[in-house]
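# Coordinate inspection notes
Below are the chains, spelled out letter by letter.
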Amino acid sequence: MPVRRITKHGEKVLKTACPPLDYAAFKGELPDLLKDMWASMQSARGVGLAAPQIGLTLRLAIIDVKPEGKSERHVLINPEIVSLEGELNDEEGCLSLPGVYSKLKRHARARVRALDENGVLREIYGEGLLARALQHEIDHLDGKLFIDRIPFEERLPVLDAIKKAKLGWD
Ligand SMILES: [Zn+2]
């Protein structure tokens, strides 16, 4: 079954920082795992998915911010932020918090270095939604959810929304 269940807020794996992935040791398993991740992300209509969201503490995430149009797939293995610039306050959501959205300030431009699915070191530059997705997915690999970044004084309505949304989660 290629489509995996997506872990939800409250599950421990989402709070776990993932150790670096040993590409040489893992490359044999990678193609099948990535197939499952793309299928799971598309089925959930997401623009990004990190390994902890299918229950794996691997430093691995995928992003495609143009699922409807010309697809632009990014595989991020052991991603590291090179630079962050600007500021953009925009709505954010997460497949691990279905039905919960909040405005969140993020950097407007992000440059990230990561291995791709072939083990090649690449630099990805993103603006707007791609910049947001890069920051969001790297947060997942550090055991952070977007709600953890919402200032404490703005968090109450979001916690309420989570309480309500949770009733409908699998
Ligand atoms: Zn997420």
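No experiment lies behind these values; they were computed from the predicted model shown.

What follows covers the overall build of the protein. Scanning the protein from terminus to terminus reveals four helices and seven strands. Listed by position from the N terminus, the elements making up the protein come as α-α-β-β-β-β-β-β-β-α-α. Compactness check: the protein gives a C-alpha radius of gyration of 15 Å against a globular reference of 15 Å for 170 residues, within 12% of the reference. Considering only C-alpha atoms, the protein reaches an extent of 45 × 40 × 35 Å along its principal axes. A total of 170 residues make up the protein; the buried ones form 30% of that total. Considering only intrachain contacts with a sequence separation of at least 6, the fraction spanning at least 24 residues in the protein is 65%.

All right, on to the pairing of strand S7 (residues 121-127) then. On any regular strand, side chains alternate: one points to one face of the sheet, the next to the other face. Of the strand pairs in this sheet, strand S6 (residues 109-115) and S7 are connected by seven bridges, and their pairing is antiparallel. Opposite Ala110, over in S7, you have Gly126 as the bridge partner. Hairpin remark: S6 followed by S7, antiparallel, with five residues in the connecting loop; positive phi at Gly119, about 80 degrees.

In this sheet, strand S3 (residues 74-85) lies alongside strand S2 (residues 60-63) in antiparallel orientation, the contact comprising four bridges. In the sheet register, Ile62 faces S3, and the bridge partner there is Val75. Pairing geometry for S3 and S6, over six bridges, is antiparallel. The residue bridging Ile81 from the neighbouring strand is Val112, located in S6.

Let us look at the nonpolar core. Of all hydrophobic cores here, the largest spans 33 residues; its most connected members are Leu49, Ala51, Ala61, Ile62, Leu76 and Leu134. Where this core is concerned, the elements lending two or more residues are helix H2 (30-43), strand S1 (48-50), S2, S3, S6 and helix H3 (129-141). Ranked by residues supplied to this core, first place goes to H3 with six residues. Setting aside chain neighbours within four positions, we find Ala61 in contact with Gly48, Leu49, Ala50, Ala51, Leu76, Pro79, Glu137, His140 and Leu141.

We now examine unusual backbone geometry. A positive phi angle, close to 60 degrees, is found at Arg45, a residue other than glycine. Residue placement: Arg45 occurs in the loop between H2 and S1. Here Arg45 falls in the exposed class, since 10 other C-beta atoms lie within 10 Å of it.

If you trace the five strands from one edge of the open sheet to the other, you get S1-S2-S3-S6-S7, paired in antiparallel fashion. One side of each edge strand has no neighbouring strand; the edge strands of this open sheet are S1 and S7. Neighbouring strand axes in the sheet, compared pairwise and without regard to direction, differ in orientation by 35 degrees on average. In terms of strand pairing, S1 meets S2 through three bridges, oriented antiparallel. If you follow Ala50 over to S2, its bridge partner there is Ala61. Of the strands in this sheet, S1, S2 and S3 touch H2, which is tilted by about 45 degrees from S2.

For Pro157, the position within the fold is in helix H4 (residues 155-166). Accessibility expressed as a C-beta count within 10 Å gives 10 for Pro157, which makes it exposed. For Pro157 and Gly10, which are 147 residues apart along the polypeptide, the C-alpha to C-alpha distance reads 17 Å.

The end-to-end C-alpha separation of H2 is 20 Å, in line with the 20 Å expected for 14 residues at 1.5 Å each. The set of residues buried in H2 consists of Met37, Ser40 and Met41. One side of H2 holds all its buried residues, which, seen down the axis, span an arc of 95 degrees. Pointing more than 90 degrees away from the buried face of H2 are the exposed residues Pro31, Asp32 and Lys35. Contacts from the buried residues of H2 go to S1 and S2. At the C-terminal side of H2, Arg45 shows a positive phi close to 60 degrees.

About the criteria used
- Residues numbered from 1 in each chain as written.
- Predicted model: local features only at pLDDT ≥ 70, side-chain atom pairs only at ≥ 80, totals over all residues.
- Helix = DSSP H or I, 4+ residues; strand = E, 2+ residues; numbered from the N terminus.
- Rg over C-alpha atoms; globule rule 2.2 N^0.38 Å.
- Buried ≥ 20, exposed ≤ 12 C-beta atoms within 10 Å, placed from the backbone.
- Contact = placed C-beta atoms within 7 Å.
- Pairing = 2+ DSSP bridges.
- Core = buried A, V, L, I, M, F, W, Y, C linked by C-beta atoms within 7 Å.
- Axes fitted to C-alpha atoms, helices over the stretch in contact; angles between N-to-C directions.
- Expected span 1.5 Å × (residues − 1).
- Arc of directions from axis to C-beta.

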